[in-house]
Amino acid sequence: MFQFIDYIILIEVPYEVAMPFRPSHRQLEYLIALGEAGHFGEAARRCHVSQPTLSVQVALLEKQLGVALIDRMPGQVTPTPVGAEIIRAAKVILSGLDEIRALAISSKGNLGGAIRLGVAPSFGPYFLPYLLPRLHRQHPDLKLYIREDRPRQLEKAVLQGETDCGVGPVPFHEPDLVAEVICRERIYLGVPHKHPLADHRSVPMAALEGMRLLTLGPGHRLLDDVRKLAEMSGAILAEDYEGSSLDAIRQMVSIEMGLSLFPELYVRSEFAKDENIRLLTIADWQGTRDIAFFWRKSSARGRHFQSLAELGRQVAEGLFASGSIGGT
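Sequence positions are assigned chain by chain, starting from 1 and proceeding in written order. In keeping with the predicted nature of the model, local features appear solely for residues at pLDDT of at least 70, side-chain atom pairs appear and are counted solely at 80 or more, and the whole-chain, interface and lining totals rest on all residues. Calculation of side-chain values draws on the structure's entire complement of heavy atoms; hydrogens and water are dropped beforehand.

K.L.:
How should I be thinking about the overall build of the chain in this particular structure?
P.N.:
Starting at the N terminus, helices and strands are each numbered in turn, a helix being any DSSP run of H or I of at least four residues and a strand any DSSP run of E of at least two. A count of helical and extended segments in the chain gives eleven helices and twelve strands. Any residue under 20% of the maximum accessible area for its type is buried, any over 50% is exposed, and the rest in between are partly exposed; the area is computed with a 1.4 Å probe on protein chains only. Relative to its full complement of 328 residues, the chain shows a buried share of 45%.

Set out below in structure tokens:
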């Protein structure tokens, strides 16, 4: 009678064969710096290493990945198409490593120690002076690095891991972002004080037909609002001028260059009582925008940003609790 015996044969596989190659965080840092600087010497300076060290590590990364990441030209280097894609992915990966560190120290009650916060210029400068003192009282050791940019650029920066969290108009069509709404702003129509509409508290959209509307440039959500209003009302969008700031737009309206839209918090912060502009509402137009804190859905620091958004909501409720503006 035969007896069958099962044998288990253990074969030791070298680690480098069993595990696929993974770039080190230092290699990724070098590659990002090189892509941004466009020069080996400057990239090495930013990374606080010698130029040969950075050059060797980037070349080794290319060899290990089996693909060219950098186009080398006399006096300048640029990422290859695949190199640019890997740089974008590398920024998200390094941001994730930073999040691990932030989570490790979050038990100290300081929201992870540091937050890179992006703010929209049509909201942030008029909101932060009220938010920051309360945030500092609650989290005195928190370091907050503020970046101001157009909403679309902020959304891109958050998605690519260059910025941790943003605050501004709610992002649209961005399934990879989480948005927590903190307030709803009224949007007012500003007209010169001698304008035929200036004596009205509210006007229908039809009253804007043929009127010239000034607006901020590309990347601002208010541009979308002005464009939609022009399409619905028959107003004329001023294609020959795109304002760089709400202050510039306000000055142009005050000297009768056209009409424009102004969000509520900006109005509360910057419009003086003797301003040469009258603020109206548009009766048959929604005239509002939602403001939110937003961050990557994949971020490990969602709890930190949720806490930040909750504080922002409390601050906004206090700011908007004082009632109406102007003659509305």
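Structure shown, so let's carry the discussion forward.
K.L.:
Any chance you could explain unusual backbone geometry here in plain terms?
P.N.:
Note: most peptide bonds trans; most residues except glycine with negative phi. With phi around 55°, histidine 173 is a residue other than glycine that occupies positive phi space. Looking at where histidine 173 falls in the secondary structure, it is placed in the loop between strand E5 (165-169) and strand E6 (177-192). Positioned with a positive phi, glutamate 256 is a non-glycine residue whose angle comes to about 65°. Glutamate 256 sits in the exposed class, given a relative accessible area of 51%.

K.L.:
Can you help me understand the pairing of E6 in this one?
P.N.:
As a general feature of sheets, a regular strand has side chains that alternate between the two faces. Any two strands with at least two DSSP bridges between them are considered paired. Pairing of E6 with strand E12 (residues 288-296), which is carried by nine bridges, proceeds in the antiparallel orientation. Looking at E12, one finds that valine 178 is bridged to tryptophan 295. In terms of strand pairing, E6 meets strand E11 (residues 277-282) through four bridges, oriented antiparallel. Its bridge partner being in E11, proline 192 is matched across the sheet by isoleucine 277.

K.L.:
What is the right way to read the environment of valine 203 from this model?
P.N.:
Residue placement: valine 203 occurs in strand E7 (residues 202-203). Sequence separation between valine 203 and isoleucine 282 is 79 residues; the distance between their C-alpha atoms is 5.1 Å. The residues contacting valine 203, other than those within four sequence positions of it, are Leu189, Leu197, Leu280, Thr281, Ile282, Ala283 and Asp284. Here, residues are in contact when the closest pair of their heavy atoms is within 4.5 Å.

K.L.:
How should the packing of aromatic side chains be read in this particular structure?
P.N.:
Remark: the centre distance and the inter-plane angle together describe each pair of aromatic rings, the angle taken between the planes. Working definition: a ring pair exists when centres of Phe, Tyr or Trp rings (six-membered ring for Trp) sit within 6.5 Å. Plane angles under 30 degrees give stacked, over 60 give edge-to-face, the rest tilted. A full pass over the atoms with the stated rule returns six aromatic pairs. Judged by centre distance (5.3 Å) and plane angle (70°), the ring pair of phenylalanine 262 and phenylalanine 271 falls under edge-to-face. Here phenylalanine 262 and phenylalanine 271 have matching classes, each one buried. Put simply, the rings of Tyr126, Phe262, Tyr266 and Phe271 pair up and form one aromatic cluster.

K.L.:
How do you make sense of the pattern of salt bridges when you look at a structure like this?
P.N.:
Close approach of charged atoms lets side chains of opposite charge pair. By definition here, a salt bridge exists when the distance from a side-chain nitrogen of Lys or Arg to a carboxyl oxygen of Asp or Glu is within 4 Å. According to the stated counting rule, one finds 22 salt bridges in the structure shown. Linking arginine 116 and aspartate 164 is a salt bridge whose minimum nitrogen-to-oxygen distance equals 2.8 Å. Taken as a pair, arginine 116 in strand E3 (residues 114-119) and aspartate 164 in the loop between helix H7 (151-159) and E5 lie far apart in primary sequence, 48 residues in all.

K.L.:
What is the right way to read helix H8 (residues 221-233) from this model?
P.N.:
One turn of an α-helix holds 3.6 residues; hence residues three or four places apart share an orientation. To estimate how far a helix should extend, the number of its residues minus one is multiplied by 1.5 Å. Spanning 13 residues, H8 covers 19 Å between terminal C-alpha atoms, matching the ideal 18 Å at 1.5 Å per step. Once H8 ends, the next one or two residues include glycine 234, with phi positive near 85°.

Functional significance is not addressed by these values, which are geometric in nature.
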